[in-house]
Amino acid sequence: MKVLAATRRGQGERPGDFSWTNDGELVFPGFVCDADLADPEGGCGCGRALIGVESAKGTTTAEVVEQDLTFEQLTAIVAKALTDQGWGAEEGVAEAVADDIVGPIADLPAGTIVGRRLDELSAR
């Protein structure tokens, strides 16, 4: 299945780019604070960041990659990351986050660099 992995490819192409994740780690869209909901280009950066499942750090660039995972396995990885990062694992949240990853990238080829703006993932 296609998932998102942190990458430094494409970093610096947009103002406000950052990458504190480990290259290659799986990433997911994190929660967004009120400041970034009002202005995802300003604020703290969470409105344009993807969060590493291992590092719990953010990046503004991710790469579409093929991984030998099922949707259920991806959901379990996200659930563990949410729990490890202190967000808890409220029922249905990890599945919704996993769906927020695979849905928008389903038609993108592997190798595509992706960015985030609030609830949207798109090719950069």
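Summarised in this report is the structure supplied together with it.

**Re the environment of Ala-49**
Examined against the element boundaries, Ala-49 turns out to sit in the loop between helix H1 (34-38) and strand S3 (50-52). As for Ala-49 and Leu-121, which are separated by 72 residues in sequence, their C-alpha atoms are 10 Å apart. Those residues within four positions of Ala-49 in sequence are excluded, and the remaining contacts are Phe-18, Pro-29, Gly-30, Gly-58, Thr-59 and Arg-116.

**Details of the sheet that holds strand S6 (residues 113-117)**
Spatially, the four strands line up as an open sheet ordered S1-S5-S6-S7, and their pairing is antiparallel. Of all strands in the sheet, those bounded by a partner on one side alone are strand S1 (2-6) and strand S7 (120-123). Shown here is a sheet whose adjacent strand axes are inclined to one another by a mean of 40°, direction ignored. Pairing analysis gives two bridges linking strand S5 (residues 62-66) to S6, with the strands arranged antiparallel. Opposite Ala-62, over in S6, you have Val-114 as the bridge partner. On the sheet, helix H3 (residues 93-105) packs against S1, S5, S6 and S7 and is oriented at approximately 105° with respect to S1.

**Remarks on the packing of aromatic side chains**
For the structure on display, the rule yields two aromatic pairs. Between Phe-31 and Trp-87 the ring centres are 4.6 Å apart and the planes differ by 50°, which places this aromatic pair in the tilted class. With Phe-31 in the loop between strand S2 (27-29) and H1 and Trp-87 in the loop between helix H2 (71-84) and H3, the pair connects residues that are 56 residues apart, well separated along the chain. Of the residues examined, Trp-87 reaches a relative accessible area of 54% and is grouped as exposed.

Scoring rules and cut-offs
- Going along each chain's sequence as written, the residues are numbered from 1 onward.
- Since the coordinates come from a predicted model, pLDDT governs what is reported: local features require at least 70, and pairs of side-chain atoms require 80 or more to be given and counted, while whole-chain, interface and lining totals use all residues.
- Excluding hydrogens and water, the side-chain values take into account all heavy atoms of the structure.
- Secondary structure elements are taken from DSSP: a helix is a run of H or I of four residues or more, a strand is a run of E of two residues or more, and numbering for both begins at the N terminus.
- Contacts between residues were defined by any pair of non-hydrogen atoms, one from each residue, lying within 4.5 Å.
- The pairing criterion is simple: DSSP has to find at least two bridges between the two strands.
- Fitting a line to C-alpha atoms yields each axis, with helices limited to the stretch in contact; the angle taken between N-to-C directions then spans 0 to 180 degrees.
- Note on aromatic contacts: the rings of Phe and Tyr and the six-membered ring of Trp form a pair at centre separations within 6.5 Å, being stacked when their planes are under 30 degrees apart, edge-to-face when over 60 apart, and tilted otherwise.
- Categorising residues by exposure relies on relative accessible area from a 1.4 Å probe, with only protein chains included: less than 20% of the type maximum marks a residue as buried, more than 50% marks it as exposed, and the intermediate range marks it as partly exposed.

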